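Coordinate analysis (summary)
Listed here are the chains, written in short residue letters.
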Amino acid sequence: MKTGFNWKRKLLSLLLLFCLLTGLAGSGTMAHAYNVPDNMKWWADDKFGMFIHFGSYSYFGHGEWAMQTEGISKETYQKTISAKFDPEKFDAQEIVSYAKKAGMKYLVFTAKHHEGLAMWDTKVASFTDTTGQKIYSLQQYTPFGKTNRDIIMELKNACQQAGIHFGLYYSIIDWNHSSQTVEGDFTKMASWEARTAYIADMKAQLKELVDTYDPEIMWFDGDWTYKKDNPTLKKWWTKQDGQDLYQYMKSLKSDIIVNERVCRSFGLGDFECPEQSIPEKALSRPWETCQTMNNAWGYKKDCEKSYYNVRYMIQDLVEVASKDGNYLLNIGPKGDGTMTAGSRKILKGIGNWMNRYGDSIYGTSGTPFAKKPSWGRYTRKDNVIYAHVMKWPKDQKLVTKKYAGKKVKKVYLLQNGKKLKYNATGKKVIIKMPEKKPDKADTVIAVQYQ
Ligand code: JFZ
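Residues numbered from 1 in each chain as written. Predicted model: local features only at pLDDT ≥ 70, side-chain atom pairs only at ≥ 80, totals over all residues. Heavy atoms only, no water.

A few points about the pattern of salt bridges
Tallying each qualifying case throughout the model produces 23 salt bridges. In this structure, R344 and E94 form a salt bridge, with 2.8 Å as the shortest nitrogen-oxygen distance. Of this pair, R344 sits in helix α12 (residues 341-357) while E94 is found in helix α6 (residues 92-102), placing the two residues 250 residues apart along the sequence. The closest approach of N and O atoms between D439 and R356, which form a salt bridge, is 2.3 Å. Pair noted here: D439 is in the loop between β15 (428-432) and β16 (443-449) and R356 is in helix α12, with a separation of 83 residues, a long-range link. Since its relative accessible area comes to 32%, R356 is described here as partly exposed. Overlapping salt bridges bring together E280, E319, K323, K372 and R377 as one network. (Salt bridge = Lys/Arg side-chain N within 4 Å of Asp/Glu carboxyl O. Helix = DSSP H or I, 4+ residues; strand = E, 2+ residues; numbered from the N terminus. Buried < 20%, exposed > 50% of the residue type's maximum accessible area, 1.4 Å probe, protein only.)

Written out as structure tokens, the structure reads:
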């Protein structure tokens with residue numbers, strides 16, 4: 001009797017193991033295209049986040065690179081731009097409600113961009129203006145300081161209320177800091193001592209950020225030195241520094257998610273940031289494409305008339321999801337803190353679509369098929385394959401690829417559950433489509449397998 005019982009148990013656990021390995025375990029979610037560590041599960045499932053570029057460059061309105069591209073000196077930049085930055089209309093609740101309605105599940109805010117202005121009340125002494133008298137931060141350097149507001153905390157709190165994960169962006173290069181001067185698209189260090197001291201001070205700022213705001217993501221940038229080792233004063237940031245910074249962040253908060261830009265191109269960090277583009281196929285580890293709505297990150301007046309349309313943005317998000325990536329879509333509020341009309345419109349438009357079709361994005365892994373269909377893209381979750389139809393078939397027949405070795409259970413319009421007739425023969429599932437396409441950007445058909 002006893003041995004019989006053990007046998008059954010062994011068989012059962014073997015079966016369970018098999019199920020787990022093949023990703024078929026009960027109602028569990030389908031595995032991603034790559035291995036996802038435990039601390040990143042929510043991130044890999046959430047898929048869609050909001051990026052916010054906001055700093056004193058938003059007041060100037062020429063984009064966040066203006067200081068470098070227009071050759072503005074530290075002193076002039078401070079006096080004519082940062083000293084006038086007064087985002088009194090910044091409304092965290094409103095921004096987060098737009099993110100929420102758009103279906104975004106996490107948010108990343110620029111705590112310090114290349115311009116060097118800290119958007120929080122930093123106490124690290126070396127981050128001063130050129131007189132050395134004032135700390136170069138939103139609270140201590142700009143007129144907004146008189147309000148005693150902490151907009152990062154306002155955002156964090158609004159996110160918490162809305163159930164949105166919170167992350168921060170931090171630039172490794174700092175055009176303002178006394179250790180560095182702008183040199184091409186990087187900075188030059190004044191001396192080896194300056195380099196050592198700056199890195200220590202940068203870590204002190206990062207500790208302030210983690211201690212104060214407890215971010216779940218730390219999104220680094222300004223790391224491009226192309227140096228593996230042997231730093232010079234011109235290329236002072238190396239792979240070794242990147243590895244060290246990554247370890248440091250984990251020592252502050254063990255489950256924090258860090259991007260590869262601690263020092264890019266060396267496979268560091270927890271996820272990859274393809275260069276402002278979408279890769280051909282799913283990558284071999286978690287990845288995220290960050291994208292602008294109008295070719296500008298920080299507010300740029302000249303780009304206000306050139307927003308992409310809602311359809312383009314939805315199809316871009318779907319393209320990313322079809323390769324099991326994440327999508328971080330940027331807004332660049334104006335200097336007074338208000339959101340631009342163009343970004344509101346796009347967020348609302350995406351929200352309308354996500355309301356109907358969010359199920360085909362969240363918790364999905366990319367397409368199971370090698371080839372892209374001519375009419376759109378695929379995503380999948382558990383036993384469902386989502387057909388994202390972007391080009392409507394003229395003859396009302398949609399030809400989709402059949403999931404090998406499985407039986408179709410039903411086919412339906414995702415927006416309302418309405419069943420569609422289909423014919424599953426050989427390697428194809430041919431679906432009878434409604435005459436009129438319900439959605440211009442992308443109508444999602446769910447093909448459910450047994
Ligand atoms: C960087 C920043 O310089 C820029 O201001 C913005 O914050 C953006 C999100 O990140 O810009 C980059 C960084 C990397 C690439 C392109 C622009 N890249 O890898 O192609």
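A closer look at the packing of aromatic side chains
Under the defined criterion, the tally for this structure stands at 25 aromatic pairs. Their ring planes at 35° and their centres at 4.6 Å tell us that W43 and F271 sit as a pair that is tilted. Placement of W43 in helix α2 (residues 41-46) and of F271 in the loop between β7 (257-258) and β8 (288-291) is noted, with a sequence separation of 228 residues between them. Chaining the aromatic ring pairs together yields one cluster made of F127, F186, Y198, W236 and W237. The ring of Y98 carries the charged tip of K101 above its face, separated from the ring centre by 5.9 Å. For the cation-ring pair, K105 lies above Y362, with the distance from its terminal atom to the ring centre recorded as 4.4 Å. (Phe/Tyr/Trp six-rings, centres within 6.5 Å; stacked < 30°, edge-to-face > 60°. Lys NZ or Arg CZ within 6 Å of the ring centre and 35° of its normal.)

Side note on the side chain of Q205
Inspection of the secondary structure puts Q205 in helix α9 (residues 192-213). Discounting residues that sit within four places of it in the chain, Q205 has contacts with K112, A118, W120, T122, V124, F127 and Y170. (Contact = heavy atoms within 4.5 Å.)

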